[in-house]
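Report on the structure
If you want the building blocks of each chain, they are given just below.
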There are 2 protein chains.
Amino acid sequence: MDTELIKGTLALLILSLLKRRPMYGYELAATVKQETDGAFDWKAGSLYPCLHKLEKDGLVRAAWEGRPEGRQRKYYHLTRDGETVLAERIQAWSSISQAVNRVLENPHEHE
Amino acid sequence: MDTELIKGTLALLILSLLKRRPMYGYELAATVKQETDGAFDWKAGSLYPCLHKLEKDGLVRAAWEGRPEGRQRKYYHLTRDGETVLAERIQAWSSISQAVNRVLENPHEHE
DNA sequence: GATAATATATAGGTATCCTATATATAGGCT
DNA sequence: AGCCTATATATAGGATACCTATATATTATC
């Protein structure tokens, strides 16, 4: 996407997706791409560093899945702190998007 | 604001405010702060560089106001290109905010 | 004379995204 | 066998848009 507007939505949506159930990185990207009809197409170079930071901050926890076949998968699940921060960030998103819409929808004064 | 979610909204809202009527920088910040109940509190160090970039990109044009009293004011008005880009960015904002809300509002699958 | 509000400007730092590159497994095509 | 695609994770390096701090200038208030 060719806009700065997506900044900050990556971590927000990862936390939101993990509230549903534990997922691995590739699955998160595929899920969000499908649900947003391609509006969000997370790159590996953004996704994995973001997951590592969320883990470092204690908002998610990771566990490798022992698969007999194929590449190993690292499943992430939301921690208690992650749930708390998610609630705060949903509130922040709501507040910001409402503020933006309020300004955008304000009628013109000229003409 | 302590979030990355505001990234990109600065230029979008400046263009939107200037669509109403020409304004100067300080006025833009005061207007958006008032209309959003303080949710957006633009700092001079963000605002003026952003205005300079919009001017450099040809989306706004600036003119110093000849005031007999007080500090000079630099009024900005939207150009034709600015109107075009504003329409595109409103569309981008709409697309992104809808995509975010679609993911956030998706019901949990567990429990 | 000191502070606050108005008004604009730039330098330097931080954080998040991007592209590019690397590794590893598996399946399909020629 | 060789190549490409899809799955799956990882890091390095670069671009950009915010932030804080600092600077300047005018006017009003204490």
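Predicted, not measured: the structure shown is a model, and the values here were computed from it. Numbering of residues starts from 1 in every chain and runs along the sequence as written. All chains are assigned letters beginning with A, and all ligands numbers beginning with 1, in the order in which they are written. In keeping with the model being predicted, local features are shown solely for residues with a pLDDT of at least 70 and side-chain atom pairs are shown and tallied solely at 80 or more, while totals for entire chains, interfaces and linings include all residues.

**Structural notes on the protein's contact with DNA strand C**
- In the vicinity of DNA strand C there are 29 residues, among which Gly45 and Ser46 of chain A together with Tyr24, Gly25 and Tyr26 of chain B approach most closely.
- Helix numbers and strand numbers start at the N terminus; a helix is a DSSP run of H or I with at least 4 residues, a strand a run of E with at least 2. Where the surface near DNA strand C is concerned, the elements lending two or more residues are helix H1 (9–20) and helix H3 (44–56) of chain A together with helix H2 (25–35), helix H3 (44–56) and strand S3 (73–78) of chain B. Each residue receives a C-beta atom built from its backbone; the residue is near a molecule or strand if that atom lies within 6 Å of it.

**Comments concerning the relation of the copies chain B and chain A**
- At an RMSD of 0.0 Å, chain B and chain A line up after a rotation of 180° and a shift of 0.0 Å along the axis. In the structure described here, the two chain copies are related by an operation that fits a two-fold rotation axis. Closest approach to the rotation axis among the C-alpha atoms of chain B is made by lysine 7 of chain B, whose C-alpha sits 3.0 Å away.
- Here, residues touch in the contact sense if the C-beta positions derived from the backbone fall within 7 Å of one another. A high fraction, 100%, of the interface residues of chain B reappear at the interface in chain A, so the copies pair face to face through one surface. The superposition of copies rests on a least-squares fit of C-alpha positions from residues with pLDDT of 70 or more in both.

**A few points about H3 of chain A**
- What a helix should span is 1.5 Å times the count of its residues minus one. The first and last C-alpha atoms of H3 of chain A sit 18 Å apart over 13 residues, in line with the 18 Å expected at 1.5 Å per residue.
- The positive-phi residue at the C-terminal boundary of H3 of chain A is glycine 58 of chain A, with phi of around 80°.

**Here's the deal with the interface of chain B and chain A**
- Of the residues lining the interface, 33 residues belong to chain B; the matching set on chain A comes to 33 residues.
- Secondary-structure elements contributing two or more residues to the side of chain B that touches chain A are helix H1 (9–20), H2 and helix H4 (80–104) of chain B.
- A per-element tally of the side of chain B that touches chain A places H4 of chain B first, with eleven residues.
- Under the grouping applied here, Gly and all other residues not named as nonpolar or charged are polar, the nonpolar ones being Ala, Val, Leu, Ile, Met, Phe, Trp, Tyr, Cys and Pro and the charged ones Asp, Glu, Lys and Arg. Partitioned by chemical class, the residues of the side of chain B that touches chain A number 15 nonpolar, ten polar and eight charged.

**A look at the sheet that holds strand S1 (residues 23–24) of chain A**
All names here are of chain A.
- Paired strands, in this sense, are two strands between which DSSP finds at least two bridges. Taken together, three strands build an open sheet; the order of strands is S1-S3-S2 and the sheet is antiparallel. Two strands lie at the open edges of the sheet, namely S1 and strand S2 (60–65), each paired on one side alone.
- In the sheet, S1 pairs with strand S3 (residues 73–78) via two bridges, with the strands oriented antiparallel. Paired with methionine 23 across the strands is tyrosine 76, a residue of S3.
- To get an axis, fit a line to the C-alpha atoms, keeping to the stretch in contact for a helix; angles then go from 0 to 180 degrees between the N-to-C directions. The sheet strands contacting H1 are S1, S2 and S3, and the helix crosses S3 at an angle near 90°.

**Brief notes about the packing of H1 of chain A against helix H4 (residues 80–104) of chain A**
All names here are of chain A.
- Relative orientation of the contacting elements H1 and H4 amounts to 125°, with a least axis distance of 10 Å. Overall, the two elements H1 and H4 adopt an arrangement that is oblique. Seen along the crossing, H1 lies across H4 with a hand that is left-handed. Contacts from Leu12, Leu15, Ser16 and Lys19 in H1 reach Gly82, Glu83, Val85, Leu86, Arg89 and Trp93 in H4.
- Partitioned by chemical class, the residues of the contact of H1 with H4 number five nonpolar, two polar and three charged. Any angle that is under 35 degrees is reported as roughly parallel, and any over 145 degrees as roughly antiparallel; angles of 65 to 115 degrees are reported as roughly perpendicular and all others as oblique. The hand of a helix crossing depends on one turn: near helix anticlockwise from the far one by less than a right angle means left-handed, and clockwise means right-handed.

**Concerning the protein's contact with DNA strand D**
- Around DNA strand D sit 27 residues, and of these Tyr24, Gly25 and Tyr26 of chain A together with Gly45 and Ser46 of chain B come closest.
- Contributing elements (two or more residues each) for the surface near DNA strand D: helix H2 (25–35), H3 and S3 of chain A together with H1 and H3 of chain B.
- Looking at which element gives the most residues to the surface near DNA strand D, the answer is H3 of chain A, with five residues.
- Partitioning the surface near DNA strand D into residue classes produces eleven nonpolar, eight polar and eight charged.

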